[in-house]
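# A structural walkthrough
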Amino acid sequence: MLNTAIKAARRAATVINRASFDLDRITVSEKEHNNFVTDIDQAAEQAIVETLLKAYPDHAILGEESGPSKNLNDESEYAWIIDPIDGTTNFIHGYPNYCISIALQQKGVITQAVIYDPVRNDLFTATKGAGAYLNDKRIRVRNPDRLAKALIAANHGPEPRALAEFLRMYETVHPRCHGVRASGSAALELANVAAGRSDGYFEKGLKVWDIAAGALLVTEAGGIVGEFNGESEYLHKGDIIAAGPKVFAQMVTLLAPFA
Ligand code: IPD
Ligand code: CA
């Protein structure tokens with residue numbers, strides 16, 4: 001199933017890469033203030049869904065653009081959770097930080113994850129219980145012993161009302177670490193934590209397709225993922241902290257007041 005997801009991600013990447021050469025030709029619409037979708041998000045999702053359903057016609061689908069399939073419910077044995085372009089705003093601007101995110105949920109548990117960065121040709125994969133990989137090389141979180149030695153990432157979604165709170169969180173974390181970066185793709189931020197390229201990540205108000213694959217990458221790379229109060233319902237809540245165990249504990253202490 002992981003191989004099928006990789007094939008699906010690569011097909012989507014072909015669509016995305018072709019479009020990235022001529023961004024003036026893409027059709028952009030605004031779902032809500034600053035929340036964009038393009039015809040390329042839709043074409044990429046279609047390529048992913050076709051590939052998955054060709055191999056597994058009975059599986060359920062939850063796609064950012066197409067929504068839930070009719071056979072999706074809490075009992076679904078297999079459900080694919082798809083974000084065809086995580087970082088659509090970056091993609092529209094030619095800012096080279098976006099990815100394809102595909103996760104498989106089996107009876108409520110995420111068991112397979114693929115995040116593909118078509119700009120860098122970085123393929124992140126994880127299978128529950130079998131570790132996380134970047135281009136076939138095992139990856140691990142970096143796990144510095146103190147937040148004071150960490151590089152942290154954080155993003156703010158399109159919801160304008162939450163901005164003031166984000167700025168207070170930023171103000172809380174930034175002076176206590178090496179810095180906070182915001183690069184506009186939640187899935188890639190999680191993949192970066194898994195690969196030890198950053199040491200932690202936090203964001204509120206995410207959707208399950210933004211984080212399902214990335215969260216498995218982080219836990220399979222030895223990291224911890226939780227809500228702002230440290231609890232584990234982050235997939236449904238959409239508020240997430242991910243880091244190595246030591247930095248995670250410090251981030252929860254600092255950010256719990258924002259839970
Ligand atoms: C967005 C990105 C961004 C995050 C937003 C998401 P999209 O996803 O993950 O980093 O801050 O909350 O909506 O819309 O580009 O798929
Ligand atoms: Ca997304």
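A brief structural summary. Source: prediction; values computed, not measured.

### A short note on unusual backbone geometry
- Non-glycine residue N135 carries a positive phi angle of around 50°.
- Mapping N135 onto the fold places it in the loop between strand 9 (132-134) and strand 10 (137-139).
- Backbone geometry at D136 places phi at a positive 70°, although glycine is not the residue there.
- Mapping D136 onto the fold places it in the loop between strand 9 and strand 10.

### Comments concerning the sheet that holds strand 13 (residues 200-203)
- With mixed pairing, five strands are arranged side by side in an open sheet as 12-11-13-15-14. A single partner strand is all that each edge strand has here, and the edge strands are strand 12 (179-181) and strand 14 (224-226). Direction aside, the axes of adjacent strands within the sheet are offset by 15° on average.
- Sheet analysis places strand 11 (residues 151-154) next to strand 12, joined by three bridges and oriented parallel. Pairing of I152 across the sheet is with V180, part of strand 12.
- Running over the sheet, helix 4 (residues 163-173) touches strand 11, strand 12 and strand 13 and is turned about 160° from strand 13.
- Across the sheet, helix 6 (residues 208-220) is in contact with strand 14 and strand 15 (240-243); its angle to strand 14 comes to roughly 140°.

### Points about the pattern of salt bridges
- If you walk through the whole model with that rule in mind, you get eleven salt bridges.
- Salt-bridge contacts for D145 lead to K149; the nearest nitrogen and oxygen are separated by 2.9 Å.
- Residue classification places D145 among the partly exposed residues on the basis of a relative accessible area of 41%.
- Members of the salt-bridge network, linked through shared partners, are K31, E64 and E65.

### Notes on the packing of aromatic side chains
- By the definition in use, this model includes four aromatic pairs.
- Their ring planes at 80° and their centres at 5.2 Å tell us that F91 and Y98 sit as a pair that is edge-to-face.
- Assessed through its relative accessible area of 0%, F91 is described here as buried.
- By relative accessible area, Y98 is classed as buried at 5%.
- Consider the rings of F166 and Y170, whose centres lie 6.0 Å apart with planes at 55°: the pair is tilted. Here Y170 and F166 lie together in helix 4, a separation of four residues that amounts to about one turn.
- Looking at F166, the relative accessible area reads 9%, which means it is buried.
- Given a relative accessible area of 28%, Y170 falls into the partly exposed group.
- The cationic tip of R10 hangs over the ring face of Y116; the distance from NZ or CZ to the ring centre is 5.2 Å.
- Here the basic side chain of K204 rests over the ring of F228, its NZ or CZ set 5.7 Å away from the ring centre.

### Overview of the coordination of the calcium ion (ligand 2)
- Donor atoms from the polypeptide that coordinate the calcium ion (ligand 2) comprise D83 (OD), D86 (OD) and D210 (OD), at 2.1 to 2.2 Å from the metal.
- Motif for the calcium ion (ligand 2), donor spacing along one chain: D-x2-D-x123-D.
- Assessed through its relative accessible area of 0%, D83 is described here as buried.
- For D86, a relative accessible area of 6% corresponds to the buried category.

Reading the values: rules and limits
In this convention, every chain numbers its residues from 1, walking through the sequence in written order. Chain letters and ligand numbers both follow the written order, the letters beginning at A and the numbers at 1. Local features are withheld for residues below a pLDDT of 70 in this predicted model, meaning they are given only at 70 or higher, and side-chain atom pairs are given and counted only at 80 or more; totals for whole chains, interfaces and linings count all residues. Think of the side-chain values as coming from all heavy atoms in the structure, minus any hydrogens and water. What counts as a helix is a DSSP run of H or I of at least four residues, what counts as a strand is a run of E of at least two, and both are numbered from the N terminus. At least two bridges found by DSSP between two strands are what make those strands a pair. Only the contacting stretch of a helix is used when fitting its axis, a line to C-alpha atoms as for every element, and angles between N-to-C directions run 0 to 180 degrees. The contact definition used throughout considers only heavy atoms, calling two residues in contact when any of these lie within 4.5 Å. Whenever Lys or Arg places a side-chain nitrogen within 4 Å of a carboxyl oxygen from Asp or Glu, that contact is recorded as a salt bridge. Each residue is placed in one exposure class: buried if its accessible area under a 1.4 Å probe, protein chains only, is under 20% of its type's maximum, exposed if it is over 50%, and partly exposed if it falls in between. Pairing of aromatic rings covers Phe, Tyr and Trp, the last through its six-membered ring, and needs centres within 6.5 Å; plane angles under 30 degrees mean stacked, over 60 mean edge-to-face, and all others mean tilted. By definition here, charges over rings are those cases where NZ of Lys or CZ of Arg is within 6 Å of the ring centre and within 35 degrees of the ring normal. Only nitrogen, oxygen and sulfur atoms qualify as donors, provided they sit within 2.8 Å of the metal or within 3.2 Å for Na, K and Ca; with water excluded from the atoms, sites may seem incomplete.

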